[in-house]
Structure formats: structure tokens, C-alpha cells
Amino acid sequence: MEFRQEPGRIFAIGEDGRLLAEVTFPEREGAAEIDHTFVDPSLRGQGVAGQLLQAAADTLRAQGRKARPTCSYAVRWFETHPEYADLLV
């Protein structure tokens, strides 16, 4: 699956133009607030959400930015990936 990137958003679109997966992280109060993770039901259980969070975390690290996870999936992802704890506000 190929992810596309826009400021504050990483996502995947299907061949039919339908949104398949997305993580959003708009800038709020000096940090990227990871506030939404979506994976189409047809892709669930394949690790796509984890790939999205990994891509977001790597992007934020490369940009020297901090993260504030508020989406429940993102909160759990950071809890299980302590190697990214330096990104947290």
C-alpha cells in the first residue's frame, strides 16, 4: 500500500478513489495532535494502522516536531513503541 502525504495528514486512496486509510495530525498548541486514525474495514487486521502511525512518527521526527496523541489508537501505539517516546510532549 502506498501512502500519500499532505501537511498534517498521511493517507491511502484505493484505485476507485475511496479513502482506505488515514492518520491526521494537525498542529495545535506547538505540537502535532494525532487526533484521528482510520482504516477501511476491508484492511483491518493487516497492520495498516500501525504503518500509518509509524509513518507519522517518522515524519514528525524528521521535521523535529513533537506529538500529542489524542486518538485512542495513537495513545496505545506510543505506549507500545517506547523508542518514539522522545516525540511526546
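These remarks concern the structure in this document.

Criteria and thresholds
Residues numbered from 1 in each chain as written. Predicted model: local features only at pLDDT ≥ 70, side-chain atom pairs only at ≥ 80, totals over all residues. Heavy atoms only, no water. Core = buried A, V, L, I, M, F, W, Y, C linked by side-chain atoms within 4.5 Å. Buried < 20%, exposed > 50% of the residue type's maximum accessible area, 1.4 Å probe, protein only. Helix = DSSP H or I, 4+ residues; strand = E, 2+ residues; numbered from the N terminus. Contact = heavy atoms within 4.5 Å. Axes fitted to C-alpha atoms, helices over the stretch in contact; angles between N-to-C directions. Parallel < 35°, antiparallel > 145°, perpendicular 65-115°, else oblique. Nonpolar A, V, L, I, M, F, W, Y, C, P; charged D, E, K, R; others polar. Polar contact = N/O pair within 3.5 Å; in protein donor to acceptor, adjacent residues only side chain to side chain.

Examining the nonpolar core
Part 1 of the reasoning: Counting 24 residues, the largest nonpolar core has Val23, Phe25, Ile34, Val39, Leu53 and Phe78 as its most contacted members.
Part 2 of the reasoning: Contributing elements (two or more residues each) for this core: strand 2 (9–13), strand 3 (19–24), strand 5 (31–34), helix 1 (48–62) and helix 2 (72–79).
Part 3 of the reasoning: Here this core gets seven residues from one element, more than from any other, and that element is helix 1.
Part 4 of the reasoning: In this structure phenylalanine 78 touches Ile34, Leu53, Ala67, Pro69, Tyr84, Leu87 and Leu88, once residues within four positions along its chain are discounted.

What to know about the environment of glutamate 15
Part 1 of the reasoning: Relative to the assigned elements, glutamate 15 resides in the loop between strand 2 and strand 3.
Part 2 of the reasoning: C-alpha of glutamate 15 to C-alpha of leucine 52: the two residues are 37 residues apart in sequence and 19 Å apart in space.

Considering the packing of helix 1 against helix 2
Part 1 of the reasoning: Remark: helix 1 packs on helix 2, axes separated minimally by 11 Å, with the N-to-C direction vectors making an angle of 75 degrees. Between helix 1 and helix 2, the angle falls in the class roughly perpendicular. On the side of helix 1, the interface is formed by Ala49, Gly50, Leu53, Gln54 and Ala57, while helix 2 contributes Tyr73, Ala74, Trp77 and Phe78.
Part 2 of the reasoning: Of the residues contributing to the contact of helix 1 with helix 2, the split by class is seven nonpolar, two polar and no charged.

What to know about the side chain of arginine 9
Part 1 of the reasoning: Note on placement: arginine 9 falls in strand 2.
Part 2 of the reasoning: One polar contact links arginine 9 to glutamate 22, side chain to side chain, over a distance of 2.6 Å.
Part 3 of the reasoning: Not counting residues within four places of it along the chain, the set of residues in contact with arginine 9 comprises Arg4, Leu19, Glu22, Val23, Thr24 and Phe25.

Thoughts on the environment of proline 41
Part 1 of the reasoning: Its place among the elements puts proline 41 in the loop between strand 6 (36–39) and helix 1.
Part 2 of the reasoning: For the pair formed by proline 41 and glycine 64, sequence separation is 23 residues and the distance between their alpha carbons is 33 Å.

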